[in-house]
Amino acid sequence: GFETKTFNYDRGIRLLADVMDVEEAGVLDCFVEAGSELQRVQVAPEADAFTFAEIASHEGVTVAEEDLSAAEAEDVLASLRAVTNEMDELEVTTGSRILFITPTLKGVLDDFSLANPNRSNRVLTRFSRIVEVPQSRFYTAITLNSGEGDQFGYSKGAAAKDINWMVVERSAVIKFDKHVASRVFSPDELENLDSYMMKYRKYGIVELLDNKLDGVHVSCAPLA
């Protein structure tokens with residue numbers, strides 16, 4: 001049967017455009033520009049951080065602590081090989097396994113491959129994609145801003161750990177996002193505001209399928 005899931009992410013913000021700016025650029029141009037900047041600087045990082053924290057904190061997901069702060073490439077490769085071997089033995093499909101990894105650790109692997117062309121980094125071919133995730137979006141838990149004053153933004157959660165890398169088989173995760181932008185309100189309609197305004201809202205869900213958790217593995221740093 002079907003199981004009903006509720007949205008676990010819902011955020012909104014008001015975008016304002018100064019009347020002077022609007023006269024120069026046109027109403028929509030102002031909001032397109034403001035919207036793309038908001039997306040790049042706040043919405044996308046927060047959505048990423050929320051997704052990774054939800055996955056890492058899901059009951060039944062394997063989270064292994066390992067200190068890779070001074071790791072050599074061989075250590076990282078061995079860590080990845082152990083996990084891919086385990087997933088292979090559990091018959092997790094290789095066609096859609098994604099490796100999310102910090103740019104720092106990916107750099108360690110890249111430098112190793114360049115310096116040692118004859119040494120094997122073949123384990124990396126066990127992933128369909130490798131995606132770099134800045135550490136600032138890669139925590140086992142986050143705290144979302146309260147939303148007072150309509151704001152996006154998050155911080156690392158209390159007792160949260162830095163994630164080193166995460167392997168996710170894509171079918172294990174349900175992820176749905178919806179973006180809603182309201183019509184533009186003019187200063188005539190807005191009391192106390194000498195600005196044009198548009199409301200922007202994003203809501204969605206990040207959920208894992210319990211019968212697919214073999215396809216998810218998180219490596220995180222110990223608490224400092």
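Structure: see above.
Read on for a plain summary of the structure. Within each chain, residue numbers correspond to sequence positions counted from 1 in written order. The predicted origin of the model limits local features to residues at a pLDDT of at least 70 and limits the giving and counting of side-chain atom pairs to 80 or more, whereas totals for whole chains, interfaces and linings rest on all residues. Heavy atoms throughout the structure, all of them, feed into the side-chain values; hydrogens and water do not.

1. Quick look at the environment of Gln-39
In step 1: Note on placement: Gln-39 falls in helix H2 (residues 27-56).
In step 2: With 23 residues separating them in the primary sequence, Gln-39 and Thr-62 have C-alpha atoms 31 Å apart.
In step 3: The contacts of Gln-39, once residues within four sequence positions are left out, are Ala-44, Pro-45, His-179 and Tyr-200.
In step 4: Pairing of N or O atoms within 3.5 Å defines a polar contact, subject to two protein rules: one partner must be a possible hydrogen donor and the other a possible acceptor, and residues neighboring in sequence count only if both atoms are side-chain atoms. Among the polar contacts made by the side chain of Gln-39, one reaches the side chain of Tyr-200 at a distance of 3.4 Å. By definition, any uninterrupted DSSP run of H or I lasting at least four residues is a helix, any uninterrupted run of E lasting at least two residues is a strand, and each is numbered from the N terminus. Whether two residues are in contact is decided by their heavy atoms: any pair within 4.5 Å suffices.

2. Quick word on unusual backbone geometry
In step 1: The phi dihedral of Glu-91 is positive, around 60°, even though this residue is not glycine.
In step 2: Position of Glu-91 relative to the elements: it lies in the loop between helix H3 (73-89) and strand S3 (97-101).
In step 3: Residues other than glycine seldom take positive phi values, yet Ala-159 does so here, at roughly 65°.
In step 4: With a 1.4 Å probe rolled over the protein chains alone, any residue whose accessible area is under 20% of its type maximum counts as buried; one over 50% counts as exposed, and the rest are partly exposed. Under the relative-accessibility criterion, Ala-159 is labelled exposed at 63%.

3. Notes on the pattern of salt bridges
In step 1: Basic side-chain nitrogens of Lys or Arg form a salt bridge, by our definition, when they fall within 4 Å of a carboxyl oxygen of Asp or Glu. In the structure shown here, the tally under the stated rule is 13 salt bridges.
In step 2: One salt bridge in this structure joins Lys-106 and Asp-110, with 3.0 Å as the shortest N-O distance. With Lys-106 and Asp-110 both in helix H4 (residues 103-115), this residue pair falls 4 residues apart, about one helical turn.
In step 3: Residue classification places Lys-106 among the buried residues on the basis of a relative accessible area of 16%.
In step 4: Asp-177 is the partner of Lys-202 in a salt bridge, and the nearest nitrogen-oxygen pair spans 3.8 Å. You can see Lys-202 sitting in strand S9 (residues 195-208) and its partner Asp-177 sitting in strand S8 (residues 173-181), a full 25 residues away along the chain.
In step 5: When its relative accessible area of 4% is taken as the criterion, Lys-202 is described as buried.
In step 6: Assessed through its relative accessible area of 32%, Asp-177 is described here as partly exposed.
In step 7: Here the salt bridges share partners, and the residues they tie into one network are Asp-88, Arg-97 and Arg-126.

4. Thoughts on the pairing of S3
In step 1: With respect to burial, S3 is a largely interior element, 5 of its 5 residues being buried.
In step 2: The side-chain alternation of S3 yields two buried faces, one formed by Arg-97, Leu-99 and Ile-101 and the other by Ile-98 and Phe-100.
In step 3: The sheet contact formed by S3 and strand S7 (residues 163-169) spans 5 bridges and is antiparallel. For Leu-99, the partnering residue across the bridge sits in S7 and is Val-167.
In step 4: With 4 bridges connecting them, S3 and strand S4 (residues 129-132) associate as parallel partners. Within S4, the position partnered with Leu-99 by the bridge is Ile-130.
In step 5: Crossover connection from S3 via H4 to parallel S4: handedness right-handed. In this description, strands pair whenever DSSP reports at least two bridges between them. Crossovers are described as right-handed under a simple rule: with the strands pointing away from the observer, the path leading from the first strand over the helix to the second runs clockwise.

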